[in-house]
Amino acid sequence: MRTSEHSLDDDSVVANDILVIEKSDLVGSLHLPPSKSHSMRWLTLASMDSTVTKIEMSEIGEDVSALLDCLKGMGIEWNGKEMRGGDLCEPEGVLNCQNSGTAFRFIMAQAATCGFPVVLDGDASLRARSSLQLLKSLGIPFQLESENHAPILLNGPFSKDEVSVDISESSQFLSAILLMTPRTNGFSLSTIGEGVSRRHSELTWDLCKLTGAKEWGEPWDVRCPDVKVPSDASMAAFARLAGLQIENLPDESDNIGHDLDCLDLRDSNDLISPMAAWLAMGEGGTITGASHAALKESNRITRTVELLAAFGMVANATSDGLHVPGNQIPKTPDSLVRTHDDHRLQMTAILLASISGGKIRSSNLHNVAWPSFLEQLIACGLQVEIQP
């Protein structure tokens, strides 16, 4: 299995300011950001609705902004609160998906339906993440402009009558194809492999049905309701690690499989880093079902082992997760803690440093998904200084 370890210098793309964190007593509550998963699916659907759709998000992270910028680059109207969709236009330049694999894959499928060339790119971590399975499913000509997986030149339009998609490493490929269906003439759709992150592809289809979809592969006239995006259940993991309350827990129906008490992460691999940290400080445990966490912004299995080791704690990588001994105490790292362009590693590192003290590389990575994260922690008592 290919992992997402990239050859460029770690932390080479994002701003490399350093967070100097002192031991802090955190007290209070956190307001979770809107769900990226819901936001990006609703925005993609609204981009195909010729009427105006109101989409309410309490804050917008860089991943969602990247998707919006790409859609706007292809002629979709967005004023910060409302979207008017329609036909896609040829972009004037490269569409930059930044750090967002979801944006990259959703836009790739949308662009595949177009009769003009589209070039997609992203940051170093995104360039290292393969979407070849999605390209194989789409069946359109493409050209990679380097040894990486981006930049990539796509030459549509998509014209297949039958599509099969591998769901064993990511749910995003299936979601991307479901979401592009209204821009096609229709096709039969089947899946290959044992699915991971299944709640995410189920969410995609549920939202498609709310806009008029009836059957996989059958185009429909998209009509989006106005939407208030629910809070992000995966981010509740950081509140648990911090020992803070949550002001806006999502309804259980919006959790997308993010059960903080379940160590089988087949459907919730984003939890692996903060979960490993609280297991190490608590009773310990074995995280399973998370082999696909190796394909995220970083290899989150090995990088979580490395992160805990930086704080003097032990975790052992397994074939599909981690074995974490309990009753460990974070120690002040001997050197700067690297976060490998991965916001969930950075956010976990910040909270461990609030216990032990420490210096964390990359002060702004949390902006990818939760721009107010650091500000809220400071309000709860985090003592931190940003150094260039």
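Keep in mind it's a predicted model, so treat the numbers as computed, not measured.

(A) Quick look at unusual backbone geometry. Residues alanine 150 and proline 151 are joined by a peptide bond in cis, for which omega reads 5°. Locating proline 151 in the fold gives a position in the loop between β8 (142–144) and β9 (152–155). Residue glycine 156 is joined to proline 157 through a cis peptide bond whose omega torsion reads 10°. Tracing the chain through its elements places proline 157 in the loop between β9 and β10 (162–166). Of note in this structure, glutamine 98 is not a glycine but carries a positive phi near 55°. With respect to the helices and strands, the residue glutamine 98 is situated in the loop between β6 (95–96) and α3 (101–112). A residue is classified by how much of its surface remains accessible, and glutamine 98, at 40% relative accessible area, is partly exposed.

(B) Structural view of helix α10 (residues 300–310). Within α10, the full set of buried residues consists of Arg300, Ile301, Arg303, Thr304, Leu307 and Leu308. End-on view of α10: buried residues confined to an arc of 165°, all on one side of the axis. In this structure, the buried side of α10 is in contact with α9 (272–281), β15 (316–318), β16 (321–324) and α11 (343–356).

Cut-offs applied
Residues numbered from 1 in each chain as written. Predicted model: local features only at pLDDT ≥ 70, side-chain atom pairs only at ≥ 80, totals over all residues. Heavy atoms only, no water. Helix = DSSP H or I, 4+ residues; strand = E, 2+ residues; numbered from the N terminus. Buried < 20%, exposed > 50% of the residue type's maximum accessible area, 1.4 Å probe, protein only. Arc of directions from axis to C-beta. Contact = heavy atoms within 4.5 Å.

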